Amino acid sequence: MKDTGDKLLIDVGSTYFKICAGDSIEQYMRDFNREILEDLMAKAGQLIARYQPADIRVCSSANGGLSALIIGVTRTFSLKYATNIAFNAGINIIDTILYQDIGNCSLPSDLVDVVIIVGGVNAHGGLFSRSLYRYMEQLQYSNVVYVGTERDAAAIQTNIPDVVVLPNIIDERLHIVEEHLKVYLTNLYQQDIEGKEDIKRLYEITANQIYSTPYIVNRALPVIDATFSVANPFILLDIGGATTDIHYSKDLVEDNIVTENGYDRLVFKRLGVYKSRQSLILAAQGNEFTYELLTHLKVTENIFKEQGERATKVLMQLAVFLVLCKMSHYRQSYINLKLLQINSIVLTGGITKVLTVAEIDVIIAFFYSKILTSDHRPVAVLDSDYAIWTLGARGSY
Amino acid sequence: MKVVTGVVGNDIHVVANRLIDLALRARGYEVFNLGVNTHLQEFFDAVVETGAQVLMISSLNGEAEGWGREVRLLRSQYTNLDDLIMMIGGNLVVGSGNGEDIAARYRNYGFDIACHQVDLNTGLDMLAALLRERGIQ
Ligand code: B12
């Protein structure tokens with residue numbers, strides 16, 4: 001790895017701190033009984049003291065980020081486009097509501113950070129009516145943004161207090177227009193990170209803006225092949241303690257979305273091996289191939305009840321398998337990637353400390369032969385020294 | 001009058017689609033062209049997003065029948081498509097067949113007009129006649 005230009009890079013994750021100084025990366029398990037800054041200083045205070053605030057860069061994926069609820073008039077245009085933009089801005093989507101069904105939708109129990117309302121090209125109007133306003137009256141939310149047809153903007157503004165109106169994300173050719181909503185959501189996310197007392201205090205050690213970790217990772221993607229022996233096209237799986245992020249290049253998507261960004265991101269919430277262990281197990285139990293895979297790995301389902309290294313390994317392996325399933329045609333999801341065209345699968349995050357390339361290859365082989373009935377075998381590449389994160393974090397802000 | 005058009009399924013025959021786009025515009029329609037390779041759900045969703053009154057589907061490569069059978073079920077899942085006029089044209093069967101029989105079958109699938117190997121202008125005249133008949137244009 002190249003030097004970091006004598007910068008100190010710090011990543012605050014949901015489970016670990018990562019600290020990169022020069023060529024070395026240290027990782028520390030977080031202590032959740034302590035405030036973030038206090039915990040960080042206890043673990044790496046001496047190192048941090050050696051750097052000027054201008055040379056310290058911090059990013060954070062802790063605290064889950066912002067939650068969004070999207071209301072749109074169709075699945076393949078408005079909901080899909082808004083979902084795509086929100087994912088790319090690093091937002092967690094708690095639910096999507098098809099407007100025609102809004103009368104039968106239950107309300108989320110938690111406060112929603114941002115509600116996105118979308119639908120219609122500008123040539124159409126009168127899409128929204130009382131059922132929307134009635135739902136919004138009952139919903140607990142902090143922000144609401146409208147990005148649908150401009151013809152309905154006035155009615156929306158009259159009926160939903162404090163709504164932010166931005167240009168339509170669907171243009172007259174039914175293509176996606178990302179920029180305005182993406183900037184709005186990214187800023188909201190940024191304000192949220194900065195507003196969290198815990199994170200805010202980190203400005204005591206850095207003079208640079210604190211970014212979200214997915215943003216940093218996404219920024220490294222176009223230059224990844226300069227650092228790794230990665231064969232294009234590739235996907236990047238960031239399997240962490242609480243969530244799993246997938247970054248992929250656009251040419252791997254069979255889709256009606258035509259965007260300008262080269263790389264997209266998809267998040268599977270509650271698919272992590274520490275904080276989301278239980279929901280990972282639930283997801284595994286819901287997959288009909290899990291038991292065959294467990295047998296293949298020479299363990300039984302008792303492994304779900306075990307703790308320890310062996311159980312963590314198997315859970316990590318299951319996480320890789322489930323993520324691949326979710327992206328394939330076998331499971332219809334928000335997007336399907338052309339998995340048969342992928343030449344490398346790059347893995348980063350906590351998983352690289354637990355699994356070896358051979359242990360991942362077993363899963364890749366099982367998935368491609370069982371689910372895709374193919375002999376294709378993408379090569380697994382482990383980013384075990386967090387070079388991708390370093391690459392993104394080192395880039396000029 | 002707004003029209004959503006495109007070529008259904010995994011069909012990449014694009015020439016007729018381009019001609020349809022031009023011919024519709026020349027006749028004064030507002031066109032939303034989804035192009036080739038369009039899934040059935042995308043057609044209906046595009047109608048909802050645009051408020052189109054007419055959905056005009058092409059199929060050239062022989063897939064039409066398979067999609068045709070799914071139309072009623074899918075359409076019934078939408079609450080706001082009752083007044084939509086649906087039309088399909090191109091090569092509606094694999095190989096050849098009697099145009100009248102084929103059209104009757106597609107009306108059964110839920111299409112108002114079905115044009116098996118009917119020239120485009122004839123088809124558009126049929127649409128204009130139907131719109132007049134329904135007092136829409
Ligand atoms: C060019 C062509 C191709 C090109 C397409 C290039 C491209 N990107 O457009 C290529 C080589 C890629 C191709 C591939 C295939 N093709 Co091809 N192709 C043709 C060909 C020779 C001409 C089509 C064309 O452009 N015609 C000119 C346009 C203007 O005419 P049209 O498409 O017939 O449309 C007119 C009318 O049908 C009408 N119309 C069309 N849509 C609608 C809609 C409405 C509402 C109305 C009113 C009217 C209307 O308006 C148009 C003008 O009047 C036809 C044979 C032929 N001579 O028609 C075969 C043909 C369409 N192909 C055929 C087949 C089978 C295939 C392949 C499956 C071959 C294969 N085994 O790989 C693939 C399928 C690929 C895919 N995924 O779709 C068959 C379809 C058979 C069927 N339906 O029963 C045909 C008829 C050849 C044949 N006789 O067997 N093909």
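Source: prediction; values computed, not measured.

**A short note on the overall build of chain B**
Argument step 1. Scanning chain B from terminus to terminus reveals 6 helices and 5 strands.
Argument step 2. The order of helices and strands in chain B, counted from the N terminus, is β-α-β-α-β-α-α-β-α-β-α.
Argument step 3. The C-alpha radius of gyration of chain B comes to 14 Å, within 12% of the 14 Å expected for a compact globule of 137 residues.
Argument step 4. C-alpha extents for chain B along the principal axes are approximately 35 × 30 × 30 Å.

**Some words on the pairing of strand β14 (residues 344-348) of chain A**
All names here are of chain A.
Argument step 1. The buried fraction of β14 amounts to 5 of the 5 residues, a majority that puts the element mostly inside the structure.
Argument step 2. Taking every second residue as pointing to the same face, both faces of β14 are buried, with S344, V346 and T348 on one and I345 and L347 on the other.
Argument step 3. Alignment of strand β11 (residues 234-239) against β14, held across 5 bridges, turns out to be parallel. Each residue of the ladder has a partner; that of D238, found in β14, is T348.
Argument step 4. Pairing of β14 with strand β15 (residues 379-382), which is carried by 4 bridges, proceeds in the parallel orientation. Paired with L347 across the bridge in β15 is L382.
Argument step 5. Of the crossover connections in this fold, the one passing from β14 over helix α12 (residues 357-370) to the parallel β15 is right-handed.

**Re the site of the ligand**
Residue and element names in this part refer to chain B.
Argument step 1. Close to the ligand lie 28 residues, the nearest being N10, H13, V14, S58 and L60.
Argument step 2. Measuring from an oxygen atom of the ligand, one finds a side-chain N or O atom of N61 at 3.0 Å.
Argument step 3. V93 has a polar backbone atom sitting 3.2 Å from an oxygen atom of the ligand.
Argument step 4. Of all the secondary structure elements, the ones that give two or more residues to the shell around the ligand are α1 (15-26), β3 (54-59), β4 (85-90) and α6 (120-133).
Argument step 5. Residues belonging to the shell around the ligand are distributed by class as follows: 16 nonpolar, 10 polar and 2 charged.

**Some thoughts on the environment of B:N98**
Residue and element names in this part refer to chain B.
Argument step 1. Relative to the elements of secondary structure, N98 occurs in the loop between β4 and α5 (99-109).
Argument step 2. The spatial distance from the C-alpha of N98 to the C-alpha of H13 is 23 Å, given a sequence separation of 85 residues.
Argument step 3. Within polar-contact distance, the side chain of N98 engages the backbone nitrogen of E100 at 2.7 Å.

**Description of the side chain of B:S59**
Residues and elements named next belong to chain B.
Argument step 1. Along the chain, the position of S59 falls in strand β3.
Argument step 2. Judged by its relative accessible area of 0%, S59 is buried.
Argument step 3. Not counting chain neighbours up to four residues away, the residues in contact with S59 comprise V8, D11, A64, G89, G90 and N91.

**Some thoughts on helix α13 (residues 387-394) of chain A**
Because an α-helix packs 3.6 residues into every turn, residues spaced three or four apart end up facing the same way.
Argument step 1. Burial analysis of α13(A) places 7 of its 8 residues in the buried class, which makes it a mostly covered element.
Argument step 2. By the burial criterion, the buried members of α13(A) are A:A387, A:I388, A:W389, A:T390, A:L391, A:G392 and A:A393.

**Describing the interface of chain A and chain B**
Argument step 1. The interface of chain A with chain B comprises 17 residues on the first partner and 16 residues on the second.
Argument step 2. Buried area between chain A and chain B, summed over both chains or domains, comes out near 1200 Å², and the portion from carbon and sulfur atoms is 56%.
Argument step 3. Linking chain A with chain B are 0 salt bridges, by the criterion used here.
Argument step 4. Viewed at the interface, chain B and chain A are joined by 8 residue pairs in polar contact (both at pLDDT 80 or more).
Argument step 5. Among the residues making up the side of chain A that touches chain B, the classes are represented as 7 nonpolar, 8 polar and 2 charged.

**Regarding the domain arrangement of chain A**
Argument step 1. Its domain assignment divides chain A into domain 1 (8-63 + 189-214), domain 2 (67-185) and domain 3 (219-385).
Argument step 2. The gap between the C-alpha centroids of domain 1 of chain A and domain 2 of chain A is 34 Å.

Rules behind the numbers
Here the residue numbers are simple positions, counted from 1 along each chain's written sequence. Note on labels: chains are lettered from A, ligands numbered from 1, in written order. Since the coordinates come from a predicted model, pLDDT governs what is reported: local features require at least 70, and pairs of side-chain atoms require 80 or more to be given and counted, while whole-chain, interface and lining totals use all residues. To get the side-chain values, all heavy atoms of the structure are used, and hydrogens and water are removed first. Segments assigned H or I by DSSP are reported as helices when at least four residues long, segments assigned E as strands when at least two residues long, and all are numbered from the N terminus. Within these notes, the globule rule equals 2.2 Å times the number of residues to the 0.38 power, and the radius of gyration is based on C-alpha atoms. Using a 1.4 Å probe on the protein chains alone, a residue whose accessible area is under 20% of its type maximum counts as buried, one over 50% counts as exposed, and one in between counts as partly exposed. Any two strands are treated as partners once DSSP identifies two or more bridges connecting them. A clockwise course of the path from the first strand over the helix to the second, judged with the strands pointing away from the viewer, identifies a crossover as right-handed. Any residue with a heavy atom lying within 4 Å of a molecule or strand is counted as near it. Definition of a polar contact: a pair of N or O atoms within 3.5 Å, with one able to donate and the other able to accept a hydrogen when the atoms are protein atoms, and with sequence-neighbouring residues admitted only if both atoms are side-chain atoms. Note that Gly is not counted as nonpolar here; it falls among the polar residues with everything else outside the nonpolar set of Ala, Val, Leu, Ile, Met, Phe, Trp, Tyr, Cys and Pro and the charged set of Asp, Glu, Lys and Arg. Contacts are assigned to residue pairs that have any heavy atoms within 4.5 Å of one another. When two parts are brought into contact, each loses some accessible area as probed by a 1.4 Å sphere; the total of that loss over both is the buried area. The salt bridge definition used is simple: a Lys or Arg side-chain nitrogen within 4 Å of an Asp or Glu carboxyl oxygen. Here the limits of each domain have been adopted from an automatic or database domain assignment.

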